[in-house]
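Here are the chains, one letter per residue:
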Amino acid sequence: MPEIDLHSHSRYSDGSLAPADLVALAARAGVKALALTDHDAVAGLTEARAAAAVHGLCLINGVEISAAWNGHNIHVVGLQVDPENPILRDGLARQAGARALRARHMADKLEALGMTGVYDGVLALAQSPDAISRTHFSQWLFANGHVSSIQQAFDRYLGPRKPASVPMPWASLEDTVSWIRAAGGVAVLAHPGRYPLTRTKMRGLIAAFRQAGGEAIEVATATEKPDMVQYLGRLSVELGLLASQGSDYHGTPAPWIALGNFPRLPAGCTPVWTAWGWPVDGLPACMATDVATGSVPVVAEALS
Ligand code: AMP
Ligand code: MN
Ligand code: MN
Ligand code: MN
């Protein structure tokens, strides 16, 4: 079901495309239902929704919230959230404020190492001060010759305990899940295989997430190894959690990732979209490609 891509980023976080361009690209790639899941932001959803109506694509209101759990930075995706919900908006506003402050502190730290023009350079890459991500810092460091790759920017400067690292007051795992649920959404533990956790600790994380009201885990993402996808699929079945999938598309910061391109959900998983009434095997009949014209009927509003 590569037609359903439930994880993507726009310029409203650390993606390179405007929401309208992201949606247009998704439609060209054959994606029929796309969740825009910007980091700690829902500001891109209005533009994305308008573009989705033009392209006959179903836009799912999403967000990817940064959370703290046992000293780890965990990502929780919310799908089918109401972006106007005041509890969600309040929580995201606090995270965005912390991002804006962190950007200043990180720039100061890099300037103390002898670099110049850091803050203005990074801000020029971002939609707004409160959307500045470590991704923007990595791009600036690379573009200005301070590192030879994006990965090196994280390894040398931006990763945990590195010289430009600034600890963040991210909300607790429990709070992020509760904001998503308050906004009527489904909470999905993002890319469980990407945290520096043993399998035992990963199970502990998933148990805590479930206890907090989380309903799904991301099983199939673009950068996950096949054996991890199979393992997460088995875990989702064993623990009675729904299974999500998505590319985690960012555009130029991760050019090897394409919209709609990720492994299939392993057999036996219950896809997360069953939570909003879609059939197990994918899109509802009204979203199926019109064989005669090759186009998809405009049903974005009806399904959202
Ligand atoms: P932030 O939320 O601002 O702390 O930035 C986190 C983002 O940085 C993630 O969503 C990734 O897109 C990116 N990121 C984190 N670690 C790495 C890494 N080692 N290499 C490349 N990108 C990374
Ligand atoms: Mn990112
Ligand atoms: Mn993430
Ligand atoms: Mn993401």
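None of these values were measured; they are calculated from a predicted model.

Cut-offs used in this document
- Residues numbered from 1 in each chain as written.
- Chains lettered and ligands numbered in written order.
- Predicted model: local features only at pLDDT ≥ 70, side-chain atom pairs only at ≥ 80, totals over all residues.
- Heavy atoms only, no water.
- Helix = DSSP H or I, 4+ residues; strand = E, 2+ residues; numbered from the N terminus.
- Rg over C-alpha atoms; globule rule 2.2 N^0.38 Å.
- Buried < 20%, exposed > 50% of the residue type's maximum accessible area, 1.4 Å probe, protein only.
- Contact = heavy atoms within 4.5 Å.
- Areas by Shrake-Rupley, 256 points an atom, 1.4 Å probe, with all protein chains shown as cover.
- Pairing = 2+ DSSP bridges.
- Donors = N, O, S within 2.8 Å, 3.2 Å for Na, K, Ca; no water.
- Arc of directions from axis to C-beta.

**Examining the overall build of the protein chain**
For the protein chain, the count of helices and strands is ten helices and eight strands. Radius of gyration (C-alpha) of the protein chain: 19 Å, near the 19 Å computed for a compact globule of 304 residues. Across its three principal axes, the protein chain shows a C-alpha extent of roughly 60 × 45 × 40 Å. Burial analysis of the protein chain (304 residues in total) assigns 55% to the buried set. Excluding contacts between residues fewer than 6 apart, the proportion of contacts in the protein chain whose partners are at least 24 apart in sequence is 71%. For the protein chain, the accessible area works out to roughly 12900 Å², and carbon and sulfur atoms hold 54% of it.

**Overview of the pairing of strand β8 (residues 242-246)**
Most of β8 sits out of view: five of its five residues are buried. Burial along β8 is two-sided: L242, S244 and G246 and A243 and Q245, pointing in opposite directions, are all buried. Alignment of strand β7 (residues 216-221) against β8, held across five bridges, turns out to be parallel. Bridging across to β8, A216 finds its partner in L242.

**Focus: the coordination of the manganese ion (ligand 4)**
Coordination sphere of the manganese ion (ligand 4), protein contribution only: H7 (NE2), H9 (NE2), E64 (OE) and D248 (OD), at 2.1 to 2.2 Å. Every donor residue of the manganese ion (ligand 4) comes from the same chain, spaced as H-x1-H-x54-E-x183-D. The manganese ion (ligand 2) is placed at 4.7 Å from the manganese ion (ligand 4). On the criterion of sequence distance, the pair formed by H9 in the loop between β1 (4-5) and α1 (19-28) and D248 in the loop between β8 and α10 (300-303) is long-range, its members being 239 residues apart. Neither H9 nor D248 differs from the other in exposure class; each is buried.

**Focus on helix α2 (residues 45-55)**
Turning to α2, its buried residues are L45, A48, R49, A51 and A52. Projection of α2 onto a plane perpendicular to its axis shows the buried side chains occupying an angular sector of 170°, all on one side. Counted as exposed and oriented over 90 degrees from the buried face of α2: T46 and V54. Two residues or fewer past α2, G56 is found with a positive phi of approximately 65°.

**Description of the coordination of the manganese ion (ligand 2)**
For the manganese ion (ligand 2), every protein donor is listed as D14 (OD), H39 (NE2) and H250 (NE2), and the spread of their distances is 2.1 to 2.2 Å. Between the donor residues of the manganese ion (ligand 2), the gaps in sequence give the motif D-x24-H-x210-H. The metal-metal distance between the manganese ion (ligand 2) and the manganese ion (ligand 3) is 5.6 Å. Note that H39 is positioned in the loop between β2 (33-36) and α2 and H250 in the loop between β8 and α10, a separation of 211 residues in sequence. Of the two residues examined, H39 and H250, each falls in the buried class.

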